[in-house]
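# Examining the three-dimensional arrangement
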Amino acid sequence: MYKKLFITSLVLLFCGISYAQERHDRWVWPDEHIEDAVFVQLGIGPKIGAGFGMASNPSFFDFNFNGGFTYQFGAAINFHIAHHPSLGMRGSDRVGLEIEASYSQRNFKADNKTLSMRCIEIPVLLQFYLTREWLVEAGVTPVKGLGVSPDNLQIADVVANVGSIKGDDMMISAGAAYKTDFGLLVGLRYNLGTSKWAENIQSKTHTAMVSVTYLLSVLK
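Residues numbered from 1 in each chain as written. Predicted model: local features only at pLDDT ≥ 70, side-chain atom pairs only at ≥ 80, totals over all residues. Heavy atoms only, no water.

Another point: the overall build of the protein chain. Counting secondary structure elements, the protein chain contains 1 helix and 13 strands. Ordered by position from the N terminus, the helices and strands of the protein chain form the series α-β-β-β-β-β-β-β-β-β-β-β-β-β. Split into buried and exposed, the 220 residues of the protein chain put 42% on the buried side. Counted over contacts in the protein chain with a minimum sequence separation of 6, partners at least 24 positions apart contribute 65%. Summed over all atoms, the accessible surface of the protein chain reaches about 11,300 Å², with 62% contributed by carbon and sulfur. (Helix = DSSP H or I, 4+ residues; strand = E, 2+ residues; numbered from the N terminus. Buried < 20%, exposed > 50% of the residue type's maximum accessible area, 1.4 Å probe, protein only. Contact = heavy atoms within 4.5 Å. Areas by Shrake-Rupley, 256 points an atom, 1.4 Å probe, with all protein chains shown as cover.)

Laid out in structure tokens, this is it:
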């Protein structure tokens, strides 16, 4: 299931980027029909983020996991349908969609040891604009694990083969952001993991991230 969702999200992202590269025109309407004027705002650009990763403690073993530093970098594509700016905000102006692709590394503390988890995240988020600058967002984040280090983690007399952790997940994401007129998007997001790491390590991942995205306007 995760593989299918992951591939589907990637296809949506790359299709959107391809569409953006092909469309550079601006829609123009006669002034007498301005009340019906709608246009598409489409932006793509880089994204970086940092935050705090947390792991719930497992049922079978207590590794005393604590939070650790998490970072990510990648790209985003943002769709927003709006009316002519002179008309102010209307119903459709308040809805947007953002798709991202990011490399992420999450670090978790277990006593004096660090467990690092590398993955690819593909957030798909529906956005609701409270004003032209402030928005809230919610959606899902398919995660594909790339690897974990170290291979083994020992706490007291317990040794776990953490290198076998897959890291695949389907996270529930929600947050808020501020968007400037020149395309800078500053956001705060919380991601709630729903998948346990392994059969004998039932921890789930949660992250709180602050991110900065620069959206280059391609179509507006």
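This part covers the side chain of Ser173. Structurally, Ser173 is set in strand β10 (residues 169–179). Polar contacts involving the side chain of Ser173 include one to the side chain of Asn191, which spans 2.6 Å. Those residues within four positions of Ser173 in sequence are excluded, and the remaining contacts are Leu125, Glu137, Ala138, Gly139, Val140, Thr141, Arg189, Tyr190 and Asn191. (Polar contact = N/O pair within 3.5 Å; in protein donor to acceptor, adjacent residues only side chain to side chain.)

One pass over the full model with this rule turns up 4 aromatic pairs. With 5.3 Å between their ring centres and 55° between their planes, Phe108 and Trp197 make a pair best called tilted. Separated by 89 residues along the polypeptide, Phe108 in strand β4 (residues 95–110) and Trp197 in the loop between β11 (184–192) and β12 (205–214) bring together distant segments of the chain. (Phe/Tyr/Trp six-rings, centres within 6.5 Å; stacked < 30°, edge-to-face > 60°.)

Nonpolar side chains in soluble globular proteins tend to be buried together. In terms of nonpolar packing, the biggest core is built from 14 residues, with Phe65, Phe108, Leu115, Val162, Ile165, Trp197 and Ile201 touching the most fellow members. For this core, the secondary structure elements donating two or more residues are β4 and β5 (113–121). Counting residues in each nonpolar core, the second largest holds 5 residues, with Leu42, Ile44, Ile99 and Val218 among its members. (Core = buried A, V, L, I, M, F, W, Y, C linked by side-chain atoms within 4.5 Å.)

Now for the pattern of salt bridges. Counting across every chain of the model gives 5 salt bridges. Where Lys47 meets Glu100, a salt bridge forms, and the shortest distance between an N and an O atom there is 2.6 Å. In this pair, Lys47 is assigned in strand β1 (residues 38–55) and Glu100 in strand β4, connecting sequence segments 53 residues apart. Residues Lys47 and Glu100 agree in their burial class; the two are buried. Salt-bridge contacts for Glu100 lead to Arg189; the nearest nitrogen and oxygen are separated by 3.0 Å. Of this pair, Glu100 sits in strand β4 while Arg189 sits in strand β11; the two residues are 89 residues apart in sequence, bridging distant segments of the chain. By the burial criterion, Glu100 is buried, and Arg189 matches it. When salt bridges with common partners are traced through the structure, they connect Lys47, Glu100, Glu137 and Arg189 into a single cluster. (Salt bridge = Lys/Arg side-chain N within 4 Å of Asp/Glu carboxyl O.)

Secondary-structure assignment places Leu42 in strand β1. Taking C-alpha positions, Leu42 is 5.7 Å from Asn78, a pair spaced 36 residues apart along the chain.

Within the secondary structure, Val212 sits in strand β12. For Val212, a relative accessible area of 35% puts it in the partly exposed group. If near-sequence neighbours (up to four positions away) are discounted, Val212 is found in contact with Pro46, Lys47, Ile48, Leu184 and Leu185.

Sheet analysis places β5 next to strand β7 (residues 134–149), joined by 6 bridges and oriented antiparallel. The residue bridging Ser116 from the neighbouring strand is Ser149, located in β7. Counting the residues between successive antiparallel strands, the hairpin from strand β6 (residues 124–129) to β7 contains 4 residues. (Pairing = 2+ DSSP bridges.)

Side chains of Val95, Leu126, Phe128, Leu130, Trp134, Val136 and Tyr178 sit close together on the surface and give an oily, nonpolar patch of about 630 Å² of accessible area. Those elements giving two or more residues to the nonpolar patch turn out to be β6 and β7. With respect to the helices and strands, Leu130 occurs in the loop between β6 and β7. The class for Leu130 is partly exposed, based on a relative accessible area of 46%. (Patch = residues over 30% accessible without salt bridge, like charges linked within 9 Å, V, L, I, M, F, W, Y side chains within 5 Å.)

Take the confidence of the model for the protein chain next. Of all residues in the protein chain, 73% attain a pLDDT of 70 or more, and the chain-wide mean is 80. Every residue in residues 16–32 scores below 50 in pLDDT, and together they form 18 contacts with partners more than four places removed in sequence or on other chains. (pLDDT = per-residue confidence, 0-100.)

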